[in-house]
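# Working through the structure, step by step
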Amino acid sequence: MRKIIIAASFSLIASSAMSADERTAANIVKKYSETIACQIQEVQYQKNQYKAVKIIQGDKELGGLGDLFVVYWEGDVGCMGGNGTVVPNFTVVEQRGFSSVPPVVVPGYKLPDLDLVQVTSISGKNGILQINGITYGEKDRQHEPTKKVSYTLKIDQENEAFTRR
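This structure is a prediction, so every number in the text was calculated from the model and none was measured. (Residues numbered from 1 in each chain as written. Predicted model: local features only at pLDDT ≥ 70, side-chain atom pairs only at ≥ 80, totals over all residues. Heavy atoms only, no water.)

## A few points about the nonpolar core
To be explicit about the condition: The criterion is simple. A nonpolar core is a set of buried Ala, Val, Leu, Ile, Met, Phe, Trp, Tyr and Cys residues joined through side-chain atoms within 4.5 Å. Each residue is placed in one exposure class: buried if its accessible area under a 1.4 Å probe, protein chains only, is under 20% of its type's maximum, exposed if it is over 50%, and partly exposed if it falls in between. Note on definitions: a residue-residue contact is assigned when non-hydrogen atoms from the two residues lie within 4.5 Å.
Ile 55, Val 70, Phe 90, Ile 122, Leu 129, Ile 131 and Phe 162 are the most contacted members of the largest nonpolar core, which has 21 residues in total. Ignoring any residue separated from it by four or fewer positions in sequence, one finds Ile 122 in contact with Lys 51, Val 53, Tyr 72, Phe 90, Leu 129, Gln 130 and Ile 131. Counting residues in each nonpolar core, the second largest holds 13 residues, with Ile 28, Tyr 50, Phe 69 and Val 93 among its members.

This is the structure we're talking about:
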């Protein structure tokens with residue numbers, strides 16, 4: 001019996017030191033966004049709602065310490081209400097401090113202003129974030145954007161910011 005308990009303890013320690021994945025980051029941001037924003041029912045069915053991408057690979061030997069994710073979601077931050085308050089949001093999640101605890105939201109990261117209504121795809125690696133989406137063109141009607149846009153951003157971890165490439 002004692003061997004089983006010891007084996008189970010080592011198994012639990014090993015699993016807690018495993019690095020996080022995109023699903024973990026997305027779940028963390030979902031909980032975070034529900035505390036800072038109104039969640040609009042129609043947005044919940046948006047294809048890329050809570051889409052997470054890993055843009056920095058952390059130290060695998062240290063359980064993913066340094067893993068950095070960006071999660072896209074749409075919501076009304078601060079529950080301002082009204083037309084046009086549900087906007088694209090990007091939240092950074094990082095495996096900081098200890099590999100034995102879940103990653104955390106790092107709200108200080110700044111992104112440049114992006115002319116963006118909705119993300120159609122997001123990808124990233126090696127410190128680069130690629131965002132494709134749509135915005136309003138000259139002749140578009142309200143709630144019917146059609147102009148395709150694409151942005152490539154590079155992370156600057158020292159200044160907790162993203163810059164256009």
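## Things to note about the state of the cysteines
Disulfide: a covalent bond connecting the sulfur atoms of a pair of cysteines. Note the cut-off: For this text, the term disulfide refers to a pair of cysteine sulfurs within 2.5 Å. Only DSSP runs of H or I reaching four residues or more are called helices, and only runs of E reaching two or more are called strands; each is numbered from the N terminus.
Taken as a whole and assessed by the stated rule, the structure comprises one disulfide. With its sulfur 2.0 Å from that of its partner, Cys 38 forms a disulfide with Cys 79. On the S-S bond that ties Cys 38 to Cys 79, the torsion sits near 130°, and the link is right-handed. Remark: Cys 79 occurs in the loop between strand E3 (68-77) and strand E4 (87-94) and Cys 38 occurs in strand E1 (residues 37-38); sequence separation between them is 41 residues. On the accessibility criterion, Cys 38 (26% relative accessible area) is partly exposed. By relative accessible area, which is 39% here, Cys 79 ends up partly exposed.

## Digging into the sheet that holds strand E9 (residues 161-164)
One key point about sheets: their strands pair by backbone hydrogen bonds, in either a parallel or an antiparallel sense. Rules: Between any two strands, pairing holds if DSSP finds at least two bridges. Inter-axis angles, ranging from 0 to 180 degrees, are taken between N-to-C directions of lines fitted to C-alpha atoms, where helices are fitted over the stretch in contact.
Strand order in the open sheet formed by four strands is E6-E7-E8-E9, with antiparallel pairing between adjacent strands. Unpaired on one side and paired on the other, strand E6 (118-125) and E9 mark the two borders of the sheet. Recorded for the sheet is a direction-independent mean angle of 30° between the axes of neighbouring strands. Pairing of E6 with strand E7 (residues 128-135), which is carried by seven bridges, proceeds in the antiparallel orientation.

## Some thoughts on the pairing of strand E8 (residues 147-156)
Note that E7 and E8 share eight bridges and pair antiparallel. Paired with Ile 128 across the bridge in E8 is Lys 154. Of the pairings in the sheet, the one linking E8 to E9 comprises four bridges and is antiparallel in character. In the strand pairing of E9, Lys 154 is matched with Thr 163. Hairpin connection, E8 to E9: the antiparallel pair is bridged by four residues, and Glu 160 has positive phi, about 45°.

## With respect to the packing of aromatic side chains
In this description, an aromatic ring pair is defined by two values, namely the gap between the centres and the angle between the planes. Using the following cut-off: Only rings of Phe, Tyr and Trp enter the pairing, Trp through its six-membered ring, and a pair is recorded when the two centres are within 6.5 Å. The plane angle decides the type: under 30 degrees is stacked, over 60 is edge-to-face, the rest tilted.
Enumeration according to the criterion identifies two aromatic pairs in this entry. With centroids separated by 5.4 Å and ring planes inclined at 45°, the aromatic side chains of Tyr 72 and Phe 90 adopt a geometry described as tilted. Residue Tyr 72 is found in strand E3, and its partner Phe 90 is found in strand E4; the two are separated by 18 residues along the sequence. Take Tyr 72 and Phe 90: they sit in the same class, and that class is buried. Relative to Phe 162, the ring of Tyr 109 has its centre 5.9 Å away and its plane inclined at 50°; by these criteria the two rings are tilted.

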